[in-house]
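Geometric and topological summary
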Amino acid sequence: MVDSEDTDPSKDLSTTDYNPQVPEDEEKQQHLHNRQKHQRAPVQIGVNRRLTKIDSRIPQGTLAFEKSKVGDIKVEPGSFQFIFWFFIATEVPVITACIGPLANMISVAALVNRWRAGGEHNQDILDTPTVLSLNAISLALGCIANVSLILNFSQRLNYKVSQLLSVVCFMLGTIILLVAIIIAHIVYFKQGHYTKSEGFWFAVLTTILYSMCSLTCFMNFLGYLLGKYPAKLNLQISERGLIAYTFLLAVWFLWGAAMFSQLLHLSYGNGMYYCTTSLLTIGLGDITPFTNVTKGLSLVYSLSGVIILGLIIAMIRGVIVSSSAPIHLWNKVESERKKILNI
């Protein structure tokens, strides 16, 4: 017999109460999600405010630079490593190219001027063939290294070949000239018979500059070997112009020293000293032109040299404003952003 209560057609099943129960775990997860959402909101607002504060402190246009300057650096921006390898990749080659010609210029003075003086009137004495030969070889190696750099900057010589050649030549030039200095110290000055003349100190200065060039070239080549940037020099037009005008300035000093050493009856080193004081408008007065010809040539030489020096200073400023300073600032901003976002 069927229960009448179950078969009663008058009973409407649609009105039956139906309350599905939400699983307890799902309810807890939903509650936790809503709670975290409300907690993150003020934190995100605070982060946005701090980021906006950073952006507001940056003057408009100060972060404008060519993306190619940083695109080749295979280091995460916003770190010290990035700015370090950026400096090695882009700024160190320019510094080397500016120091190299000046080092060759001083090396010429070390070769032309004698290293020792002696006798009753403390006159310059001819150097030994060994010292002269080592000095000449060092100068030749320095010139080869500089020519290699120039060919690399003009993209006429492979980067790997150029950098390796520059490192080796600068290093050998440093070692050979250092050996000449040691020999001169033992043969000339250890017994106290002679005194050091200007040529010796030019050689010491050349050794320091050659060693600096060797170190900077090696650091740049090391960055390539470590995979920090590709095998090329990413230079702007202003940087190439700076290198060219620095080379022109070195040539300007060389021919000026040769000319005034003959006209004013000076040694080559003193002629270079006179050119330096004239070009920098120092005018100490210890060496003065005594004829109308030398006065006129000094005037033309100084005015022309000041123009070259002014162009170099303007290009240095252009390099700093256009690339170096904005990229340094951009790296600092990225570092601050990462600290705020906890990246």
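Residues numbered from 1 in each chain as written. Predicted model: local features only at pLDDT ≥ 70, side-chain atom pairs only at ≥ 80, totals over all residues. Heavy atoms only, no water.

1. Regarding the overall build of the chain
This is how the line gets drawn: What counts as a helix is a DSSP run of H or I of at least four residues, what counts as a strand is a run of E of at least two, and both are numbered from the N terminus. Exposed residues in this analysis have more than 50% of their type's maximum accessible area, buried residues have under 20%, and partly exposed residues fall in between, with area computed by a 1.4 Å probe over protein chains only. Contacts are assigned to residue pairs with any non-hydrogen atoms lying within 4.5 Å of each other.
A count of helices and strands for the chain gives 10 helices and 3 strands. Reading the chain from its N terminus to its C terminus gives the helix and strand order α-α-α-α-β-β-α-α-β-α-α-α-α. Expressed as a percentage of the 343 residues in the chain, the buried residues total 39%. In the chain, the proportion of contacts linking residues at least 24 apart, taken out of those at least 6 apart, comes to 77%.

2. Quick notes on helix 9 (residues 268–279)
Stated formally: A helix is expected to span 1.5 Å multiplied by its residue count minus one.
Taking 1.5 Å as the rise per residue, helix 9 with 12 residues should run 16 Å; its terminal C-alpha atoms sit 16 Å apart, in good agreement. Most of helix 9 is tucked away: 9 of the 12 residues are buried. Turning to helix 9, its buried residues are Y268, G269, G271, M272, Y274, C275, T277, S278 and L279. Where helix 9 ends, the next residue or the one after it, T281, has phi of about 55 degrees, a positive value.

3. Overview of the side chain of N113
Selection criterion: Two N or O atoms form a polar contact when they lie within 3.5 Å of each other; inside protein one atom must be a possible hydrogen donor and the other a possible acceptor, and for residues adjacent in sequence the pair counts only when both atoms belong to side chains.
Considering the arrangement of structural elements, one finds N113 in the loop between helix 4 (80–112) and strand 1 (116–118). Look at N113 and you get buried, because its relative accessible area is 4%. A distance of 2.9 Å separates a polar side-chain atom of N113 from the backbone oxygen of A109. With residues up to four places along the chain from it excluded, the contact list for N113 reads D127, E198, G199, F202, S267, Y268 and G269.

4. Section: the packing of helix 4 against helix 5 (residues 129–153)
Note the cut-off: Lines fitted to C-alpha atoms define the axes here, with helix axes fitted over just the stretch in contact, and angles between the N-to-C directions of these axes take values from 0 to 180 degrees. Note that the term roughly parallel is reserved for angles under 35 degrees, roughly antiparallel for angles over 145, roughly perpendicular for angles of 65 to 115, and oblique for everything else. When the near helix sits turned anticlockwise from the far one by under a right angle, the crossing is termed left-handed; a clockwise turn instead gives a right-handed crossing.
Two elements in contact, helix 4 and helix 5, have axes whose closest approach is 10 Å; the angle formed by their N-to-C orientations is 155 degrees. As judged from the angle between their axes, helix 4 and helix 5 are roughly antiparallel. Of the two possible hands of crossing, helix 4 and helix 5 adopt the one that is left-handed. Between helix 4, through P93, T96, A97, G100, P101, N104, S107, V108, A110 and L111, and helix 5, the contact on the second element is made entirely by L132, N135, A136, L139, G142, C143, N146, L149 and F153.

5. Observations regarding the confidence of the model for the chain
Heads up, the rule is: Known as pLDDT, the predictor's confidence for each residue is given on a scale from 0 to 100.
When pLDDT is averaged across the chain, the result is 79; 78% of the residues are at 70 or more. Mean pLDDT in the chain bottoms out at helix 1 (residues 4–7), which sits at 45, and peaks at helix 7 (residues 198–225), which reaches 93. Predicted confidence for residues 1–22 stays below pLDDT 50, and this span has 2 contacts to residues more than four positions away or in other chains. Note that residues 37–51 has pLDDT below 50 and, in this model, 6 contacts with residues that lie over four places away or in other chains.

6. Some thoughts on a nonpolar patch on the surface
Rules: For patches, a residue must show more than 30% relative accessible area and have no salt bridge; joins then use 9 Å for like charges and 5 Å for nonpolar side chains, namely Val, Leu, Ile, Met, Phe, Trp and Tyr. Surface accessibility follows the Shrake-Rupley procedure with a 1.4 Å probe radius. Residue values consider only the protein chains on display as shielding. Any Lys or Arg side-chain nitrogen located within 4 Å of an Asp or Glu carboxyl oxygen qualifies as a salt bridge.
On the surface, L164, V168, M171, L172, I175 and V179 cluster together to form a nonpolar patch covering roughly 480 Å² of accessible area. Within the element layout of this structure, I175 appears in helix 6 (residues 159–189).

7. Quick notes on the sheet that holds strand 3 (residues 195–196)
The strands that make up a sheet are held in pairs by hydrogen bonds between backbone atoms, and each pair lies either parallel or antiparallel. What counts, and what does not: Whether two strands pair depends on DSSP finding at least two bridges between them.
An order of 2-1-3 is seen for the 3 strands of this open sheet, with the pairing classed as antiparallel. Every other strand in the sheet has two partners, leaving strand 2 (123–125) and strand 3 as the edge strands with one partner each. Note that strand 1 and strand 2 share 3 bridges and pair antiparallel. Bridging from a neighbouring strand, G118 pairs with Q123 of strand 2.

8. A look at the packing of aromatic side chains
Going by this rule: Whether two aromatic rings pair depends on their centres lying within 6.5 Å, for rings of Phe, Tyr and Trp, where Trp uses its six-membered ring; planes under 30 degrees apart make the pair stacked, over 60 edge-to-face, and the rest tilted.
If you walk through the whole model with that rule in mind, you get 17 aromatic pairs. Summarising the aromatic geometry, the rings of W252 and Y301 are spaced 5.4 Å apart at their centres and angled 10 degrees between planes, so their arrangement reads as stacked. Pair noted here: W252 is in helix 8 (residues 237–263) and Y301 is in helix 10 (residues 292–341), with a separation of 49 residues, a long-range link. One exposure class covers both W252 and Y301, and it is buried. Members of the aromatic cluster, connected to one another through ring pairs, are W115, Y188, F189, Y194, F200 and W201.

9. With respect to the packing of helix 5 against helix 6
Here is the rule we go by: When residues are sorted by character, Ala, Val, Leu, Ile, Met, Phe, Trp, Tyr, Cys and Pro go into the nonpolar class, Asp, Glu, Lys and Arg into the charged class, and all the rest, Gly among them, into the polar class.
At a closest axis distance of 8 Å, the pairing of helix 5 and helix 6 adopts a crossing angle of 160 degrees. In terms of orientation, helix 5 lies roughly antiparallel with respect to helix 6. Taken as a pair, helix 5 and helix 6 cross one another with a handedness that is left-handed. For the contact of helix 5 with helix 6, a count of residues per class yields 18 nonpolar, 11 polar and no charged.

10. Details of unusual backbone geometry
Unlike most non-glycine residues, Q155 shows phi in positive territory, near 60 degrees. Its place among the elements puts Q155 in the loop between helix 5 and helix 6.

11. Observations regarding helix 5
Counted at 1.5 Å a residue, the expected span for helix 5 with its 25 residues is 36 Å, and the 36 Å between its end C-alpha atoms agrees. Backbone geometry just after helix 5 places Q155 at a positive phi near 60 degrees.

12. Here we look at the environment of R317
As for its position among the elements, R317 is in helix 10. Between the alpha carbons of R317 and S238 there is a distance of 9.7 Å; along the sequence they are 79 residues apart.

13. A closer look at the environment of I243
Summarising the element assignment, I243 is placed in helix 8. With 72 residues separating them along the chain, I243 and M315 place their C-alpha atoms 9.6 Å apart. Non-local contacts of I243, meaning those with residues more than four positions away in its chain, are made with V94, A97, F153 and L235.

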